[in-house]
Amino acid sequence: MSGIQVTIEGYGAIQRQLPSPLVLDYSTEILVSDVLAEVLQQYPQAEKALDRCACAIGEDIIARQTLLKNDCTLVLLSPVAGG
């Protein structure tokens, strides 16, 4: 197995705090929470936005405990204020 590539796309407040595109390579499957921990390590200024963002792949919101097994684009969605 050659590993997986996770491309990070941010929208809203998080978009301004991370480079675009942000691509991370892993030798094996990895939890979304571990991907976010690595992003936080590289970009500590994004901590507040990362803590509050929702994660999605395609149209589906996913849990941080989701195991990523294939190349994918992980979308980080900042919370939207209003009501």
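These figures come from a predicted structure and were not determined experimentally.

Attention now goes to the nonpolar core. Across soluble globular proteins, nonpolar side chains have a tendency to be buried as a group. Counting 23 residues, the largest nonpolar core has Val-6, Ile-8, Val-35, Leu-50, Leu-68, Leu-74 and Leu-76 as its most contacted members. Elements with a contribution of two residues or more to this core: strand S1 (4–11), strand S2 (22–26), helix H1 (32–42), helix H2 (47–52) and strand S7 (72–77). It is H1 that contributes the most residues to this core, four residues altogether. With near-sequence residues (within four places) excluded, Val-6 lies in contact with Leu-22, Val-23, Leu-24, Tyr-26, Val-35, Leu-68, Cys-72 and Leu-74.

Moving on: the sheet that holds S1. Paired through their backbone hydrogen bonds, the strands of a sheet run either parallel or antiparallel. Here five strands make up an open sheet; going across it, the order is S2-S1-S7-S4-S5 and the pairing mixed. Of all the strands in the sheet, just S2 and strand S5 (60–62) have a single pairing partner and so form its edges. Strand-to-strand twist across the sheet, computed as the mean angle between neighbouring axes with direction ignored, equals 35°. Its contacts with the sheet place H1 against S1, S2, strand S4 (54–57), S5 and S7, and it is angled at close to 125° to S2.

The next thing to look at is the environment of Thr-73. Among the secondary structure elements, Thr-73 is positioned in strand S7. The spacing of Thr-73 and Val-32 is 41 residues in sequence and 11 Å in space, taken between C-alpha atoms. Sequence-distant contacts of Thr-73, defined by excluding residues within four places in its chain, comprise Thr-7, Glu-9, Ala-56 and Ile-57.

The tally for this structure, following the rule as stated, stands at zero disulfides. Between Cys-72, a cysteine without a disulfide, and Cys-55, which holds the nearest cysteine sulfur, the sulfur-to-sulfur distance is 11 Å. With relative accessibility at 15%, the residue Cys-72 sits in the buried group.

Glancing now at H1. By the burial criterion, the buried members of H1 are Val-32, Val-35, Leu-36 and Val-39. Seen along its axis, H1 keeps its buried residues to an arc of 95°; they face one direction.

Tracing the sequence through the fold places Thr-7 in strand S1. With relative accessibility at 18%, the residue Thr-7 sits in the buried group. Sequence-distant contacts of Thr-7, defined by excluding residues within four places in its chain, comprise Leu-22, Val-23, Cys-72, Thr-73 and Leu-74.

This next bit is on the environment of Ala-37. Relative to the helices and strands, Ala-37 is located in helix H1. On the accessibility criterion, Ala-37 (42% relative accessible area) is partly exposed.

Parameters and conventions
- Residues numbered from 1 in each chain as written.
- Predicted model: local features only at pLDDT ≥ 70, side-chain atom pairs only at ≥ 80, totals over all residues.
- Heavy atoms only, no water.
- Core = buried A, V, L, I, M, F, W, Y, C linked by side-chain atoms within 4.5 Å.
- Buried < 20%, exposed > 50% of the residue type's maximum accessible area, 1.4 Å probe, protein only.
- Helix = DSSP H or I, 4+ residues; strand = E, 2+ residues; numbered from the N terminus.
- Contact = heavy atoms within 4.5 Å.
- Pairing = 2+ DSSP bridges.
- Axes fitted to C-alpha atoms, helices over the stretch in contact; angles between N-to-C directions.
- Disulfide = S-S within 2.5 Å.
- Arc of directions from axis to C-beta.

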